[in-house]
Amino acid sequence: MRIAYRAESLIDAHLVKDALEREEIPAFIAGEYLTGAVGQLPAIDYVAVMVPESSAGAAEAVVRAVEAQLAEARAALGDWDGDAQLATDSP
């Protein structure tokens, strides 16, 4: 087995795993249950998405695509000012 993705959070790990499985690449999340042991600490270095060696090449493209989507979503959230948006939505 090979690490295809080191996750920042358990949610990110599941997004990558689901994307891989949609492409029929078997994947599992290693360290998923360790997050409870470390409490509120970040999941980095504890949670990883694993794929078989034979699928590692195909998994790279899928992981890159998901990482790009996550980066874009995080950038959009960084640009969004929730308080200002709520103020303009109020009657």
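Please refer to the structure higher up on the page.
First, a word on what this report is: a plain description of the structure on this page.

Calculation rules
- Residues numbered from 1 in each chain as written.
- Predicted model: local features only at pLDDT ≥ 70, side-chain atom pairs only at ≥ 80, totals over all residues.
- Heavy atoms only, no water.
- Helix = DSSP H or I, 4+ residues; strand = E, 2+ residues; numbered from the N terminus.
- Buried < 20%, exposed > 50% of the residue type's maximum accessible area, 1.4 Å probe, protein only.
- Contact = heavy atoms within 4.5 Å.
- Areas by Shrake-Rupley, 256 points an atom, 1.4 Å probe, with all protein chains shown as cover.
- Expected span 1.5 Å × (residues − 1).
- Polar contact = N/O pair within 3.5 Å; in protein donor to acceptor, adjacent residues only side chain to side chain.
- Pairing = 2+ DSSP bridges.
- Axes fitted to C-alpha atoms, helices over the stretch in contact; angles between N-to-C directions.
- Parallel < 35°, antiparallel > 145°, perpendicular 65-115°, else oblique.
- Left-handed = near helix turned anticlockwise from the far one by under 90°.
- Nonpolar A, V, L, I, M, F, W, Y, C, P; charged D, E, K, R; others polar.

Here we come to the overall build of the chain. Along its length, the chain carries 3 helices and 3 strands. Secondary structure elements of the chain, listed N to C terminal, follow the sequence β-α-β-β-α-α. Counting all 91 residues of the chain, 31% fall into the buried class. Contacts spanning at least 24 positions in sequence make up 66% of the contacts within the chain whose residues lie at least 6 apart. A total of about 6100 Å² of accessible surface is found on the chain, and carbon and sulfur atoms cover 56% of it.

Look at helix 2 (residues 56-79): 34 Å from first C-alpha to last across 24 residues, which is about the 34 Å you get at 1.5 Å a residue. Taken together, the buried positions of helix 2 are occupied by A56, A59, V62, V63, V66 and L70. Packed against the buried residues of helix 2 are strand 1 (2-6), helix 1 (10-22) and strand 3 (48-51).

Here we take up the side chain of E32. For E32, the position within the fold is in the loop between strand 2 (28-30) and strand 3. A polar atom in the side chain of E32 sits 2.8 Å from the side chain of H14. Sequence-distant contacts of E32, defined by excluding residues within four places in its chain, comprise L10 and H14.

Moving on: the sheet that holds strand 2. The strands making up a sheet associate through backbone hydrogen bonding, with each pair oriented either parallel or antiparallel. Taken in spatial order, the 3 strands make up an open sheet running 1-3-2, and their pairing is antiparallel. Edge positions in the sheet fall to strand 1 and strand 2, since each has one partner strand and no second. Across the sheet, the axes of successive neighbouring strands diverge by a mean angle of 40 degrees, strand direction being ignored. Pairing of strand 2 with strand 3 involves 3 bridges; the strand directions are antiparallel. Paired with F28 across the bridge in strand 3 is M50. The sheet contacts of helix 2 involve strand 1 and strand 3, and relative to strand 1 the element is tilted by about 5 degrees.

In this fold, S9 is placed in the loop between strand 1 and helix 1. For S9 and Y46, which are 37 residues apart along the polypeptide, the C-alpha to C-alpha distance reads 9.4 Å. A polar atom in the side chain of S9 sits 3.1 Å from the backbone nitrogen of D12.

What follows concerns the packing of helix 1 against helix 2. At their nearest, the axes of helix 1 and helix 2 sit 10 Å apart, and the two run at 135 degrees to each other. Overall, the two elements helix 1 and helix 2 adopt an arrangement that is oblique. Judged by the twist between their axes, the crossing of helix 1 over helix 2 is right-handed. Touching D12, L15, V16, A19 and L20 of helix 1 are A59, V62, V63, V66, L70 and R74, all from helix 2. Taken together, the residues of the contact of helix 1 with helix 2 sort by class into 9 nonpolar, no polar and 2 charged.

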